Amino acid sequence: MTQLCPCGSGLRALHCCSLNVATLPPPEATRHLMPLVERALQAHRQGATATAEQLCLDVLELAPDRPGALSILYEIRKGQGRHEAAEVLLRRMVRFDPNNFLATNELVLLLLGRGLLADAETHARNAIRIAPENPQAHNLMGMIMTEAHRPAVGEYHYRRVLELTNARDPILLANLAWNLKNQGRMEEARALYEESATAAPDIRQTLLGWARLEEADRKFDSASAVLDRMEAKWPNDPAVRLSRAVVLGRMKRYDEALRELDQLAALTGDDGFGPTELLEKGRLLDQMGRFDDAFTAFQTGKRMAMERGGLQYMDAVADNLITRLRGFFTAGRLRTLPRAGVRQDVPQPIFILGFPRSGTTLIEQTLSVHPRICAGDELPLMNDISGLMPRMLASPLTYPEALAELWMGDQREGLDNLRDYYLQKVAQMGILQPGAAWFTDKMPLNETHLGLIALLFPQSPLIHVIRHPLDVMVSAISNLFTHGFNCSHSLETAALHYVRVMDLVQHYRAEMALRYLPIRYEEMVEDQEPTIRAILDFVGEDFDPRCLAFHENSRHARTASYAQVTEPLYDRSRFRYRNYRRQLEPVIPILRPVIERLGYTVD
Amino acid sequence: MEPIPPPRPGDVPMVPVPLNELFMMAAEYERAKRWPEADRLLNHILAVAPNQADSLHLAGIVSFRLGRHTQALEQMERAIAHGVDTPLYLRNICEVYRSLGRLDEALASAQRAAALSPSDPLCLHNLSVIHYERLELDESIACADRALAMNAGLPGAHFARAEALLLRGDWAEGWEEYEWRFRIAEAAPLMPPTDRPQWDGTAFSDGRLLLVADQGFGDIIQFGRYIDWVLARCPDIVIACPPEVVSIMRQLCPSAAIAMRWEDSVPFRAYVPLSGLPRLHGTRPGNVPVQAPYLRADQARVAAWRQRLDGLVPAGFKRVGIVWAGRPTHNNDRRRSTTLASFGPIASVPRVALVSLQKGPSADQAGRYFGRAPLVNIGAEIGDYDDTMALLSSLDQMITVDTSVGHLSAALGRPTWIMLAHAPDWRWLMDREDTPWYPTVRLFRQKVAGDWADVMRRVGSALREG
């Protein structure tokens, strides 16, 4: 079999992705290849890439696990932009040599760049295990935790870097500032950006982050000032123009914002005007009422994201999980399962459920004005628990079947342990405020785990934000998000996943007694006070008139909705789908049963 | 509904068969209650001869049996169009109209069938049933009388007469006619054949009386009140009952032996169905034995369910139990059951939480509920009637259609509102909001057949008034 591996490594598949580890020769048997590896290294250093590549291929043909050859070939493929091959080689290096700190760090960076946070976290933890006092390992962990919506944990690792280096590296300070911004600690973040930019005034990413901070904190003039400073230093910088467009858009100066983006497109061509820019342009066009143009921009942006290696909908994985959840969570089985006890000593979660962009941020911002409710934001913990469950319940099965261990005498308290894991992580995240009885968890699509949530927190309010499914689709197509097994990469997959999840929720509700309240986004917009009263009544808290002015909530919402929730409720977002009726036609048949079930119509 | 006469049994042979022979086979399948097979054959016949009246009529019967009432009507209407004035078609279509709540058309068809076939007592029986459903009780009784004048041993007509008399409050005569219920062709036998006599109410102490808990769970709960009256006359009783109600029976008579299977039954001197006790007791609307509450929930279970509800229902919310559908196999289920979606006016009452005690195939409607009031689908956690009783004792109010849960709630003495079809079951009498059977029950009746919306509005208003 001489076929080359499809990953593009240049090796035969048998010695690459189809490698059988059992056939590897012992390291002593391939010692004689060391001189070839040395020569490859030398050639690579001297820029003789072709020679180095051939030498590496020769070595790896005989000893596919030889670390030096793997490392050089990885560098070559990376340099050639053959990312798939590079990743395969890097993963192989780490696999054969789990103590290779440099390779592990490199892999973490690569995975972080691809947005594969869970995978990156696994290797980042390994890096810290290998070198617990290495600042770079902690720095990467800080970055991953910040991106994975666990900023408090990320902050810890960034501060470890400060301790370990005993220095105030400007880039690290900027990373920490971004982290604090995500925690809503704007003043601390601003101070760090100032310090970082003073120490190293020419770092683009620092200034861009700073501008984003000011924009998010509604200090549009300050944001513009930072961007002006960048413009002077890097004229026509694409990122600066994009940030400028965002700021102008938030100031409702749509024509100017669009002009910025058009100029950016002219400057960069297709290469520089990518998915992020196209989606921003689409949102501006939408605000300006140019709906056909907006939709074209959204679609082009999504398509381009896919072409650039964006993540595809994991159809089979989603289908498999949902089918198994339906099969496991049945009334008959649930009658035999215990429930976790309710902790009286710590604040309890309020779960705000809903598809991404269905109004969950609005509900969280509204509730978290209340003095007894603090905002937890999107907590990834239910997902984490589903992954950790087999280990925590000592089960050979995965979630949800691992819950069968609860029938064993030694796992009767298993749910209490899982509950405490969740609450402990929440405490670590620094979410809880003094005087709070509740905190919110608005992780979108947590409703997929409604059964598990009800077992762990049987008395927690479950507030499900319902919105016209076609409006949800408009939001899904106009934003990039990875929730829901990357379903948002196309309208059809977003609709398919939406229907799957809504059918699953229907199943849970038919099979379980839940403390569940559906709230219609449209009613929240149309009839704000009664809706807020209904939610607070349901939670068991007195009405607080400050909740009506949620847009004055000093808390910074971290998710994509933040721009909307800093404005008073507006009617434009209701039945926005009517502007895109023609473009949504292909998904109406998919969504129609749910549209009707929810009591909506298609006008 | 009368089936077509059967000529010959057997499966479809693998050789060409004339259509009339296929029709005979279909008729045989229908008679043998093998409706899907009959359906398949009739579809084949109608594909070849789409306007063949007998096939259309039989297809209508089969569709009706399979629960496809709208299709049944369409097929029967076509049968009538192609086989004008066939009394059998008219007689059968009126049952389909009745089941769809189209009572004017049902009446017209039944009258036409009776006119065309003046010596057929079944046509008059049909008319009696339709008049009952239109609450024209005098006419219902008159039609049954005419049918019985033609054939005094027609059980259906006796039973139709019984229901109309009982609903009208003429219980003395009604109970006697009610005894015909076991002779109806489709009625399940009360018990295996026995040489022991049916008890006539005379006291005896030298033998055992077998008490058969017959009919639905609601009837068992309602007539369970007579057990003390029976014990005063026959102290040694054995109760035959389904397993679901054993704990209720034990509560009503801790000393009684209980048999859940006929083979476990002990020798007895005489037997009596529970549903026959009002007749023996001589019950009239003015002397119903009322000791409500005559059932009690287990206090430990009450505490456990109350705690469960405390965690699921927001504090300060009125806990309103609901049931929207009965057992789907009940003869009257289409009329007595509604949908959860129809509870909108109740769900819009402020600070009310709906606690669903619904069981059975309709329970899944809880998953499709998006009303204003929070809904707690506690029905999913209910294991047995002991759970149900404990839950009912933890609610502020029970609102239900005419099902066993209503009886249970009422027997526990809980505040219970029962929503009734336009033509209700005889036990609820006519035109009154209360009932002599249960002091804590309030009745909400449909003013127009099938109009649950109006009932829900009135219940919603009453709930709002507190």
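Just so it is clear, the model here is predicted, and its values are computed rather than measured.

Trainee: Can you walk me through the overall build of chain B in this structure?
Mentor: From N to C terminus, chain B includes 20 helices and ten strands. For 466 residues, the compact-globule formula gives about 23 Å, and the C-alpha radius of gyration of chain B, at 24 Å, lands near that figure. Seen along its three principal axes, the alpha-carbon backbone of chain B occupies a region of about 70 × 60 × 50 Å. Within chain B, buried positions represent 48% of all 466 residues. A fraction of 61% describes how many contacts in chain B between residues 6 or more apart in sequence connect residues 24 or more apart.

Trainee: How should the overall build of chain A be read in this particular structure?
Mentor: The number of helices and strands found in chain A is 30 helices and five strands. In terms of C-alpha radius of gyration, chain A reaches 26 Å, essentially the compact-globule figure of 25 Å for 603 residues. With the C-alpha coordinates of chain A rotated into their principal frame, the extents come out at 80 × 70 × 55 Å. By sequence separation, contacts in chain A at least 24 residues apart represent 64% of the contacts at least 6 residues apart.

Trainee: What is the right way to look at the nonpolar core in this model?
Mentor: Considering soluble globular proteins, one finds that nonpolar side chains tend to be buried as a cluster. Counting 216 residues, the largest nonpolar core has Ile463 and Met473 of chain A as its most contacted members. Each of domain 2 (209-281) and domain 3 (299-465) of chain B accounts for three or more of the residues forming this core. Beyond its immediate chain neighbours, meaning those up to four positions away, Met473 of chain A contacts Leu491, Ala494, Ala495, Tyr577, Leu584 and Val587 of chain A. Core analysis: the next-biggest nonpolar cluster, separate from the first, contains 61 residues, Cys94, Tyr97, Ala110 and Trp175 of chain B among them.

Trainee: Can you walk me through the packing of helix α5 (residues 101-113) of chain A against helix α6 (residues 117-130) of chain A in this structure?
Mentor: Describing two packed helices takes the angle between their axes plus the distance from one axis to the other. Residues and elements named next belong to chain A. Contact geometry for α5 and α6: axes closest at 9 Å, N-to-C directions at 155°. When the axes of α5 and α6 are compared, the pair comes out roughly antiparallel. The interaxial crossing formed by α5 with α6 has left-handed handedness. Residue-level contacts link Phe101, Thr104, Asn105, Leu107, Val108, Leu111 and Leu112 of α5 to Asp119, Ala120, His123, Ala124, Asn126, Ala127 and Ile130 of α6. Residue composition of the contact of α5 with α6, by class: nine nonpolar, four polar and one charged.

Trainee: Looking at this model, I keep getting lost on the sheet that holds strand β1 (residues 209-212) of chain B. Mind explaining?
Mentor: Backbone hydrogen bonds hold the strands of a sheet together, and the pairing may be parallel or antiparallel. Residue and element names in this part refer to chain B. Taking strand neighbours across the sheet as the criterion, the four strands line up as β3-β2-β1-β4 in an open arrangement whose pairing is parallel. For this open sheet the edge positions go to β3 (257-259) and β4 (270-273), each flanked by a neighbour on one side alone. Along the sheet, successive strands turn relative to each other by an average axial angle of 25°, direction set aside.

Trainee: When you look at the domain arrangement of chain B in this model, what are you seeing that I'm missing?
Mentor: It is common to report an interface's size as the accessible area lost on association of the parts. All names here are of chain B. We note that the domain assignment places domain 1 (19-183), domain 2 (209-281) and domain 3 (299-465) within chain B. Contact with domain 1, which involves eleven residues of that partner, is made by eight residues of domain 3. Mapped onto the side of domain 1 that touches domain 3, the elements with two or more residues apiece are α7 (121-133) and α9 (155-168). For the side of domain 1 that touches domain 3, the element with the most residues is α9, which contributes four residues. Looking at side-chain class alone, the side of domain 1 that touches domain 3 contains five nonpolar, three polar and three charged residues.

Trainee: What is the right way to look at the sheet that holds strand β5 (residues 516-520) of chain A in this model?
Mentor: Residues and elements named next belong to chain A. Taken in spatial order, the five strands make up an open sheet running β2-β3-β1-β4-β5, and their pairing is parallel. Sheet topology places β2 (373-374) and β5 at the edges, where each strand pairs with a single neighbour. Pairing between strand β4 (residues 462-466) and β5: five bridges, direction parallel. Bridge assignment links Ile463 to a residue of β5, and that residue is Leu517.

Trainee: Please explain the pairing of β1 of chain B as it appears in this structure.
Mentor: Put simply, side chains in a regular strand alternate between the two faces of the sheet. Residue and element names in this part refer to chain B. Of the two faces of β1, the one carrying Leu209 and Leu211 and the one carrying Leu210 and Val212 are both buried. Where β1 and β4 come together, four bridges link them in parallel fashion. The partner of Val212 across the bridge, within β4, is Pro273.

Trainee: Whenever I open this one, the packing of helix α2 (residues 49-62) of chain A against helix α3 (residues 67-79) of chain A confuses me. Can you help?
Mentor: Residues and elements named next belong to chain A. Their axes nearest at 9 Å, the elements α2 and α3 cross at an angle of 140°. The orientation of α2 relative to α3 falls into the category oblique. Remark: the crossing between α2 and α3 carries left-handed chirality. Note on element contacts: α3 touches α2 through Ala69, Leu70, Ile72, Leu73 and Ile76, opposite Thr49, Ala52, Glu53, Cys56, Val59 and Leu60. In terms of residue class, the contact of α2 with α3 is made up of nine nonpolar, one polar and one charged.

Trainee: I keep staring at the pairing of strand β2 (residues 237-240) of chain B and nothing clicks. Help me out?
Mentor: All names here are of chain B. Residues Ile237 and Ile239 line one face of β2 and the alternating positions Val238 and Ala240 line the opposite face, and both faces are buried. Where β1 lies against β2, four bridges are found, and the strand directions are parallel. Across the sheet, residue Leu211 finds its bridge partner in β2, namely Ile239. Sheet topology note: the β2/β3 ladder contains three bridges and is parallel. Paired with Val238 across the bridge in β3 is Ala257. For the segment spanning β2, helix α13 (residues 246-252) and β3, crossover handedness is right-handed.

Trainee: I would appreciate a short explanation of helix α8 (residues 151-165) of chain A in the present structure.
Mentor: Count 3.6 residues to each turn of an α-helix, and residues three or four apart come out pointing the same way. All names here are of chain A. With 15 residues, α8 extends 21 Å between its outermost C-alpha atoms, agreeing within 8% with the 21 Å of an ideal straight helix rising 1.5 Å per residue. Where α8 is concerned, the buried positions are Pro151, Gly154, Glu155, His157, Tyr158, Arg160 and Val161. Contacts made by the buried residues of α8 are with α7 (135-147) and α9 (170-182). Phi turns positive one or two residues past the end of α8, at Asn166, with a value near 50°.

Trainee: Explanation requested: the environment of Ala257 of chain A in the structure shown.
Mentor: All names here are of chain A. Note that Ala257 resides in helix α14 (residues 254-272). The class of Ala257 is buried, set by 24 C-beta atoms lying within 10 Å. Once residues within four sequence positions are removed from consideration, Ala257 is found in contact with Ala245, Leu248, Gly249 and Leu284.

Criteria and thresholds
Residues numbered from 1 in each chain as written. Chains lettered and ligands numbered in written order. Predicted model: local features only at pLDDT ≥ 70, side-chain atom pairs only at ≥ 80, totals over all residues. Helix = DSSP H or I, 4+ residues; strand = E, 2+ residues; numbered from the N terminus. Rg over C-alpha atoms; globule rule 2.2 N^0.38 Å. Buried ≥ 20, exposed ≤ 12 C-beta atoms within 10 Å, placed from the backbone. Contact = placed C-beta atoms within 7 Å. Core = buried A, V, L, I, M, F, W, Y, C linked by C-beta atoms within 7 Å. Domains from an automatic or database assignment. Axes fitted to C-alpha atoms, helices over the stretch in contact; angles between N-to-C directions. Parallel < 35°, antiparallel > 145°, perpendicular 65-115°, else oblique. Left-handed = near helix turned anticlockwise from the far one by under 90°. Nonpolar A, V, L, I, M, F, W, Y, C, P; charged D, E, K, R; others polar. Pairing = 2+ DSSP bridges. Right-handed = clockwise from strand over helix to strand, strands pointing away. Expected span 1.5 Å × (residues − 1).

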